[in-house]
Amino acid sequence: MSLPQGTRLGPYEILAPIGAGGMGEVYRARDERLKRDVAIKVLPPSYSQDADRLRRFEHEAQSAGGLNHPNITAVYDFGSHEGAPYIVTELLEGETLRARLSGGAIAVRKAIEYAVQIARGLAAAHEKGVIHRDLKPENLFMTNDGRVKILDFGLAKLTQAEAQSGPQTNLPTATEPGVVMGTLGYMSPEQVKGKPADQRSDLFSFGAILYEMLSGVRAFHRDSAAETMSAILREEPPDLSATNKSVQPGLERIVRHCLEKNPEERFYSARDVAFDLEALSGLSGTTAAASVGPSPRRRLLPMLVVAAILASLAIGYGIGRGRGATTPLAFRQLTFRRGTVWSARFGVDGKTAFYSASWDGAPTEIYVSAPGSPESRPLGISGADVLAVSSAGDLAMALESRVSTEFARTGTLARASATGGGAPRQILEGVESADWAPNGQDLAVVRNVGGQARLEYPIGKPIYETRGWISSPRISRDGGRIAFIDHPNAGDDGGFAAVVDRAGKKTRLSAPFGSAQGLAWSPDGSEIWFTAAEVGNRSLYAVSLSGKLRLLARVTGSLTMQDAARDGRVLLIDETRRLGLSVLSPGAAKERELSWLDWSRPVGLSRDGKTTLFYESGEGGGAGYSTYVRDTDGSPAVRLGEGQALALSPDGKWAVALLHKLTDAHLVLYPTGAGQPRRLTLPGLHFNLGATRFLQDSRHFLITANEEGRGDRVYLLDLDGGKPRAITPENFRGPGPISSDGKRFLVRAPDGKPVAYPIEGGEPTALAGLEAGDLPVGWTADDRGLFVQRSGAPAAKIERLDPATGRAEPWREILPSDATGVVRVSSVLVSPDGTFYAYAYSRVLSNLFLAEGLK
């Protein structure tokens with residue numbers, strides 16, 4: 001029905017029509033009681049006879065009426081006129097985002113400003129349990145004073161109400177009969193599939209809208225509904241940089257992260273999206289790209305500056321339950337020397353701190369920090385890491401602890417008195433982490449068994465295994481559960497918080513993060529507190545056992561959670577970590593530093609030693625990492641594209657890379673010169689993160705993969721297509737370096753020892769003088785010898801080994817000239833004649849802090 005001017009709906013007088021939509025007609029009206037103009041949406045009587053429409057209309061009023069936020073349209077009233085329900089809302093002056101987009105793309109600065117407001121409004125709705133489910137430019141209103149208002153919660157879903165009241169009648173599945181819930185072009189993949197949609201569905205729609213604001217074109221619009229739905233499910237929109245050169249890489253990464261097909265890989269909360277957009281809003285150009293991006297690793301910040309900021313409380317604003325502005329979050333620095341803190345735990349009193357550290361290049365040692373004192377005293381146990389402190393005051397430690405992978409340390413588990421009396425008693429070898437049970441007797445441990453990371457509780461009883469790795473196991477107060485961080489890919493610190501009970505039932509609690517390290521139970525035992533990052537430095541989060549995530553604290557440095565005392569105090573390590581790249585080029589007298597951004601790892605050297613292939617997997621590299629080539633003369637690096645570089649072809653024309661997703665990895669082939677990238681498929685195979693090696697013809701390469709339910713094996717892949725051919729039996733991993741004649745490659749056998757395997761098939765050849773922990777890094781020019789990196793840190797000790805006799809002689813010890821804070825040399829590449837090489841080195845500088853005021 002159409003309401004003429006002067007019609008009264010209760011206390012409201014209709015002044016003029018504003019517009020109409022699928023859910024009703026909208027009028028300008030006057031509320032004489034409060035002397036203000038309002039907007040009234042009226043559902044036509046014919047529609048009110050439709051039970052589905054009526055229920056949705058009422059649902060819109062209930063959903064929006066419970067929200068109070070400057071970026072959400074305020075609902076004032078709800079009533080009925082001659083059988084037609086109506087909603088009374090604030091009157092907005094301006095235009096919809098759809099109208100604004102009719103003029104094309106929006107300037108980047110203004111688009112970010114609008115996007116931040118939309119994200120804030122969504123965050124407020126999501127925190128009330130309300131999901132919009134029909135976010136689109138038509139439902140976003142730009143007021144004349146520059147504010148953005150979210151309209152029309154007609155498809156909103158009250159998640160908390162559903163959770164509290166149990167099963168309910170389903171909401172209608174269409175805005176019009178026969179149409180999937182939502183609006184085509186802005187629906188999330190899960191909406192298209194008719195699956196349940198949570199707050200991450202709104203973030204997908206938000207990403208599509210932000211893409212359109214920046215590019216001026218719709219992300220998934222096609223000629224038909226079927227084609228549009230297919231695009232949402234299977235296609236990626238063109239790069240923003242192709243349509244808007246002023247879009248900085250950091251902003252494009254945020255959009256891409258919102259538009260992940262798998263909701264598990266998107267941002268988890270609108271509040272995090274708003275924070276990352278706000279970080280961009282004051283930046284421009286390449287500066288923004290350097291300051292935004294997920295990071296398993298961190299840019300090198302001056303430690304004294306970070307420490308001063310932390311100590312002065314100028315940073316560290318937390319979003320915490322129950323903390324008001326009068327209860328500041330305070331950080332107190334406990335360590336002051338230059339070096340690396342590895343781990344820390346509270347003593348039984350909850351005040352004394354035990355920690356292990358390597359200061360000023362000296363070996364690792366366990367120290368005790370007493371309350372109120374700036375000094376720490378050594379406990380007299382050298383070369384050990386603190387793992388846990390029992391209720392009886394015993395320390396669990398890792399003796400002879402060493403860096404075993406990029407992020408893990410391994411040693412011999414031992415126990416000793418916290419008072420320092422008596423020598424430690426050894427318990428178990430090859431342990432990465434451990435925690436005491438409440439009884440002070442049993443231990444949960446993580447160790448590698450048969451190539452699998454295994455969590456045992458108590459020792460000897462496996463309760464969880466993974467091909468990735470496990471960190472920070474912490475037993476609950478009642479001893480019934482173990483919280484930990486689950487890392488799907490070995491050698492990468494991306495992962496998520498999880499919990500497993502004593503029967504082995506595992507529950508995933510958080511979405512995946514680009515970097516996740518450090519975890520402890522909250523002071524009251526009701527949550528798990530952990531440090532992780534989707535974009536930027538690791539922040540402190542809390543997650544409940546039901547999976548509700550909240551941000552506790554975010555600072556300018558990168559945090560690693562260590563322990564939480566019952567009085568609410570927390571031990572945190574603040575660190576700066578960098579992976580550097582160094583090369584000795586042909587004919588050079590000394591090494592050249594070729595580090596590009598913050599985490600440069602070499603994976604290939606050209607035959608002439610003039611070019612290196614590497615990837616950036618830190619903050620600068622972005623969410624999916626970045627693949628680069630760089631000449632060893634120091635010329636600027638050239639970015640080939642997104643992904644983790646794996647191998648450089650012998651002719652130097654191709655680089656294969658992994659497009660890095662926690663749940664859906666695939667390979668891409670990049671030309672190092674002119675040409676177009678190509679996606680490589682592995683039909684029926686699951687690619688496993690690890691080495692990839694080109695054959696000498698530059699047309700084939702070796703990878704490690706597995707069929708569903710089967711063990712890893714090495715496959716030969718043809719760049720021109722065809723079915724991958726298995727070369728090794730199951731449980732052979734690699735591949736390692738390929739011989740100069742192209743007939744053999746090195747691979748790690750099921751027992752962990754390297755063997756030589758013929759590419760054309762046959763039996764492997766044992767290599768004398770090699771043990772499970774040894775790492776062959778290249779063949780000699782005559783294929784009669786191997787360059788082998790022996791286990792140990794921080795320097796890489798390279799020997800030249802005769803695999804026929806086992807005779808070895810020292811070749812070179814590799815370590816940067818500035819070795820301060822260097823904890824490991826890795827990714828060593830050596831030319832067959834031994835005249836040039838490249839390597840990566842990890843440098844970690846950190847200090848221990850005590851945080852108070854977290855809630």
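Reading guide: rules and limits
Residues numbered from 1 in each chain as written. Predicted model: local features only at pLDDT ≥ 70, side-chain atom pairs only at ≥ 80, totals over all residues. Heavy atoms only, no water. Helix = DSSP H or I, 4+ residues; strand = E, 2+ residues; numbered from the N terminus. Pairing = 2+ DSSP bridges. Polar contact = N/O pair within 3.5 Å; in protein donor to acceptor, adjacent residues only side chain to side chain. Axes fitted to C-alpha atoms, helices over the stretch in contact; angles between N-to-C directions. Left-handed = near helix turned anticlockwise from the far one by under 90°. Contact = heavy atoms within 4.5 Å. Nonpolar A, V, L, I, M, F, W, Y, C, P; charged D, E, K, R; others polar. Salt bridge = Lys/Arg side-chain N within 4 Å of Asp/Glu carboxyl O. Buried < 20%, exposed > 50% of the residue type's maximum accessible area, 1.4 Å probe, protein only. Core = buried A, V, L, I, M, F, W, Y, C linked by side-chain atoms within 4.5 Å. pLDDT = per-residue confidence, 0-100.

Engineer: Would you explain unusual backbone geometry in this entry?
Structural biologist: One can expect most non-glycine residues to show negative phi and most peptide bonds to be in trans. Cis peptide bonds are those with omega within 30 degrees of zero, and the linkage from Y457 to P458 qualifies with -5°. Mapped onto the elements of the fold, P458 is located in the loop between β22 (452-456) and β23 (462-466). Residues G734 and P735 are joined by a peptide bond in cis, for which omega reads -10°. For P735, the location among the structural elements is in the loop between β47 (725-726) and β48 (744-748).

Engineer: Hey, could you run me through the sheet that holds strand β50 (residues 765-766) in this one?
Structural biologist: In a beta sheet, neighbouring strands are held together by backbone hydrogen bonds and run either parallel or antiparallel to one another. Across the sheet, which stays open at both edges, the three strands sit in the order β48-β49-β50 with antiparallel pairing between neighbours. Of all the strands in the sheet, just β48 and β50 have a single pairing partner and so form its edges. Examined bridge by bridge, strand β49 (residues 754-758) and β50 share two bridges and lie antiparallel to one another. When the sheet's bridge partners are listed, A756 is paired in β50 with T765.

Engineer: What is the right way to read the environment of D145 from this model?
Structural biologist: Mapped onto the fold, D145 is located in the loop between β9 (140-143) and β10 (148-150). Taking the C-alpha atoms as reference points, D145 and E93, 52 residues apart in sequence, are found 8.7 Å from one another. A distance of 2.3 Å separates a polar atom in the side chain of D145 from a polar atom in the side chain of T143. One polar contact links D145 to R147, side chain to side chain, over a distance of 3.0 Å.

Engineer: In this structure, what is going on with the packing of helix α7 (residues 199-215) against helix α9 (residues 249-258)? I would like to understand it.
Structural biologist: Two numbers describe how α7 lies on α9: the axes approach to 7 Å, and their chain directions differ by 140°. The handedness of the crossing between α7 and α9 is left-handed. The segment α7 lies against α9, with L203, F204, F206, G207, L210, Y211 and L214 engaging L251, V255 and C258. Residue composition of the contact of α7 with α9, grouped by class: nine nonpolar, one polar and no charged.

Engineer: What is the right way to look at the pattern of salt bridges in this model?
Structural biologist: Pairs can form between side chains of opposite charge once their charged atoms are near each other. If you walk through the whole model with that rule in mind, you get 48 salt bridges. In this structure, R474 and D435 form a salt bridge, with 3.7 Å as the shortest nitrogen-oxygen distance. Taken as a pair, R474 in strand β24 (residues 469-475) and D435 in strand β20 (residues 425-436) lie far apart in primary sequence, 39 residues in all. We classify R474 as buried; its relative accessible area is 8%. Note on D435: relative accessible area 8%, which makes it buried. A salt bridge links R790 to D774; its shortest N-O distance comes to 2.6 Å. Of this pair, R790 sits in strand β52 (residues 786-790) while D774 is found in the loop between β50 and β51 (775-779), placing the two residues 16 residues apart along the sequence. The two residues R790 and D774 agree in class, both being buried.

Engineer: What am I meant to see in the nonpolar core here?
Structural biologist: Note that soluble globular proteins tend to have their nonpolar side chains buried in a common cluster. Of all hydrophobic cores here, the largest spans 47 residues; its most connected members are F206, L210, M213, L214, L251 and L277. Of all elements in the fold, only α3 (97-101), α4 (108-127), β9, β10, α7, α8 (225-234), α9 and α10 (270-281) reach the threshold of two or more residues within this core. Here this core gets ten residues from one element, more than from any other, and that element is α4.

Engineer: Before we go on, may I ask you to explain the sheet that holds strand β36 (residues 611-616) in this structure?
Structural biologist: With antiparallel pairing, four strands are arranged side by side in an open sheet as β35-β36-β37-β38. For this open sheet the edge positions go to β35 (600-605) and β38 (638-642), each flanked by a neighbour on one side alone. Neighbour to neighbour, the strand axes of the sheet diverge by 25° on average, direction disregarded. Both β35 and β36 contribute to a ladder of five bridges, which runs antiparallel. Along β36, the bridge assignment pairs S600 with E616.

Engineer: Can you help me understand the side chain of R454 in this one?
Structural biologist: Counting through the fold element by element, R454 comes out in strand β22. Within the structure, R454 has its side chain in polar contact with the side chain of E465 (distance 2.7 Å). Discounting residues that sit within four places of it in the chain, R454 has contacts with V445, V446, R447, V449, P462, Y464, E465 and I470.

Engineer: Could you clarify how one ought to interpret the environment of E771 in this entry?
Structural biologist: Assignment of secondary structure puts E771 in the loop between β50 and β51. For E771, a relative accessible area of 46% translates into the label partly exposed. As for E771 and D751, which are separated by 20 residues in sequence, their C-alpha atoms are 9.8 Å apart. Not counting the four nearest positions on each side in its chain, E771 is found in contact with R748, K753 and P754.

Engineer: Explain the environment of S791 to me, please; I cannot follow it from the model alone.
Structural biologist: Mapped onto the secondary structure, S791 falls in the loop between β52 and β53 (796-801). By relative accessible area, S791 is classed as partly exposed at 49%. Separated by 17 residues in the primary sequence, S791 and D774 have C-alpha atoms spaced 5.9 Å apart. Apart from the residues lying within four places of it in its own chain, the contact partners of S791 are G773 and D774.

Engineer: Sorry, what's going on with the confidence of the model for the protein chain here?
Structural biologist: For residues with low pLDDT, the predicted coordinates do not support detailed interpretation. Here the protein chain averages 84 in pLDDT, while 86% of its residues score no lower than 70. Across residues 282-326, confidence stays below pLDDT 50; counting only partners more than four residues off in sequence or on other chains, it has 123 contacts.

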